[in-house]
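Below, each chain spelled out in residue letters.
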Amino acid sequence: MHYHIPVTHQPTQPPTLLVHGGAWAIPADAAQAHEAGVRRALEAGFDVLARAGSALDAVEAAVTILEDDVTFDAGRGSFLTSDGRVQLDALLMDGGRMKAGGVACVERLRNPIKAARLVLEKSPHVYFVGAGAEEFAHAHGMELIENGELVLDRERERLALAQARQAAGLADRTFSGVALIDDKSPETAVSDEPDSTRFGSHDTVGAVALDGRGNLAAATSTGGTLNKTPGRVGDSSLIGCGCYADNLSGAVSLTGWGEPIMKLVLGKWATDRVAAGSAPELAAREAISYLYNRLGGHGGIILLGPDGRFGLAHNTPAMAWGLATPSGLQTGLTVGE
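Residues numbered from 1 in each chain as written. Predicted model: local features only at pLDDT ≥ 70, side-chain atom pairs only at ≥ 80, totals over all residues. Heavy atoms only, no water.

So, the overall build of the protein
Right, so step 1: Each helix and strand counted, the protein has eight helices and twelve strands in total.
Right, so step 2: Looking at the 337 residues of the protein, the share that counts as buried comes to 59%.
Right, so step 3: For the protein, the share of sequence-separated contacts (at least 6 apart) that also reach a separation of at least 24 residues comes to 69%.
Right, so step 4: Carbon and sulfur atoms provide 51% of the accessible area of the protein, an area that totals close to 12,900 Å². (Helix = DSSP H or I, 4+ residues; strand = E, 2+ residues; numbered from the N terminus. Buried < 20%, exposed > 50% of the residue type's maximum accessible area, 1.4 Å probe, protein only. Contact = heavy atoms within 4.5 Å. Areas by Shrake-Rupley, 256 points an atom, 1.4 Å probe, with all protein chains shown as cover.)

Here's the deal with the packing of aromatic side chains
Two numbers describe a pair of aromatic rings. These are the distance of the centres and the angle of the planes.
Right, so step 1: Evaluated as defined, the whole model comprises two aromatic pairs.
Right, so step 2: Measuring from ring centre to ring centre gives 4.7 Å for F128 and F136, while their planes differ by 15 degrees; the resulting arrangement is stacked. When sorted by exposure, F128 lands in the same class as F136, which is buried.
Right, so step 3: With centroids separated by 4.6 Å and ring planes inclined at 20 degrees, the aromatic side chains of W269 and Y290 adopt a geometry described as stacked. Highlighted residues: W269 in helix α7 (residues 266-275) and Y290 in helix α8 (residues 280-295), separated in sequence by 21 residues.
Right, so step 4: Seen from the ring of W269, R273 lies directly overhead, with NZ or CZ sitting 3.6 Å from the centre. (Phe/Tyr/Trp six-rings, centres within 6.5 Å; stacked < 30°, edge-to-face > 60°. Lys NZ or Arg CZ within 6 Å of the ring centre and 35° of its normal.)

Observations regarding unusual backbone geometry
Right, so step 1: Positive phi, close to 65 degrees, is recorded for A52, a residue that is not glycine.
Right, so step 2: Within the element layout of this structure, A52 appears in the loop between α1 (28-50) and α2 (55-67).
Right, so step 3: Of note, the phi angle at C105 is positive, near 55 degrees, even though the residue is not glycine.
Right, so step 4: Residue classification places C105 among the buried residues on the basis of a relative accessible area of 13%.

As for the pairing of strand β1 (residues 16-24)
Right, so step 1: Counted residue by residue, β1 has nine buried out of nine residues, so it is predominantly covered.
Right, so step 2: The pairing of β1 with strand β5 (residues 205-210) spans five bridges and is antiparallel. Note that in β5 the partner of L18 across the bridge is V208.
Right, so step 3: Sheet topology places β1 next to strand β11 (residues 318-325); six bridges connect them, and they run antiparallel. Bridge pairing links L18 to L323 in β11. (Pairing = 2+ DSSP bridges.)

A look at α1
Right, so step 1: The end-to-end C-alpha distance of α1 is 33 Å, a good match for the 33 Å that 23 residues give at a rise of 1.5 Å each.
Right, so step 2: Considered for burial, the residues of α1 that qualify are A30, A31, H34, G37, V38, A41, L42, G45, F46, V48 and L49.
Right, so step 3: Residue A52 follows α1 closely and has a positive phi angle near 65 degrees. (Expected span 1.5 Å × (residues − 1).)

Remarks on the sheet that holds strand β7 (residues 243-246)
Right, so step 1: Pairing in this open sheet of four strands is antiparallel, and the strands run β7-β8-β9-β10 from one edge to the other. Across the chains shown, the open sheet's two edge strands, defined by having one partner strand only, are β7 and β10 (310-314). Direction aside, the axes of adjacent strands within the sheet are offset by 5 degrees on average.
Right, so step 2: Sheet analysis places strand β9 (residues 299-304) next to β10, joined by five bridges and oriented antiparallel. Opposite I302, over in β10, you have L312 as the bridge partner.
Right, so step 3: Where α7 meets the sheet, its contacts fall on β7, β8 (250-256) and β9, and the angle it forms with β8 comes to roughly 145 degrees.
Right, so step 4: Its contacts with the sheet put α8 on β9 and β10, and the angle it makes with β10 is roughly 25 degrees. (Axes fitted to C-alpha atoms, helices over the stretch in contact; angles between N-to-C directions.)

Dropping the structure here:
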């Protein structure tokens, strides 16, 4: 198979869009905002598919809505780095052309998923980071903003709390492999400690789509982890880790604990199983089991096959998810309930 030649299938299923808004211990007082945000993303993305638009346009539209919603850890309102800034990562992948565009550690772009689309369409390269990504996006028409426009007081408070805990000697076990209720860190987990949910949390966003021409696409966007070291990049914008699409296998977006997901190249792991004949529903569950059993990782996955079958799974207390087909829209905070 020559991958420079677009791979297409005769569509056998109606257009489908899956969206996630993060997998973690979503508290009751944040549930409505998460489901509402996911629904708005579904409406925007499926409107593209309903008008015979491409899967690539649909996932970009859906993720743009989520980046603009401060409920989620993507775009404005994201977690802050240890020096108090927002740094954003995003990836977009076209499963027919096997083209991808990614950006990481961008600080002056409101919608990194749009920058990722520019990389995919306008560059012979796949990935830009930092100032180079910002300059590339600006050269192709994106506005550069001040980083402060992405920062919320809510996030300054979260960072201060996390750093106070760190100074008090409370170990950050985010990357230690220790199983936590939440998928990010003790600072954002639900625990028995007083006021542990005072500032809540949020998480990575993503979308996968199958369009009327049988093409798949995937997109993932994130602000990363709370109190992260500047320059840290997680799984979300890495091909085959937190995001992947191939018309011959599937489209996937993951959310959660980035380091274990990266080590397992979990997105590609899941789509390979679909290509080998596993149902996406089974492959999704197996991927999350593998994440936990191999490395103690926590997270969630949305997975869509070339034939329209799909799977969702998570091993966190909740995952904000949504599904759109011509039959209607569905949203939820857990899978199978």
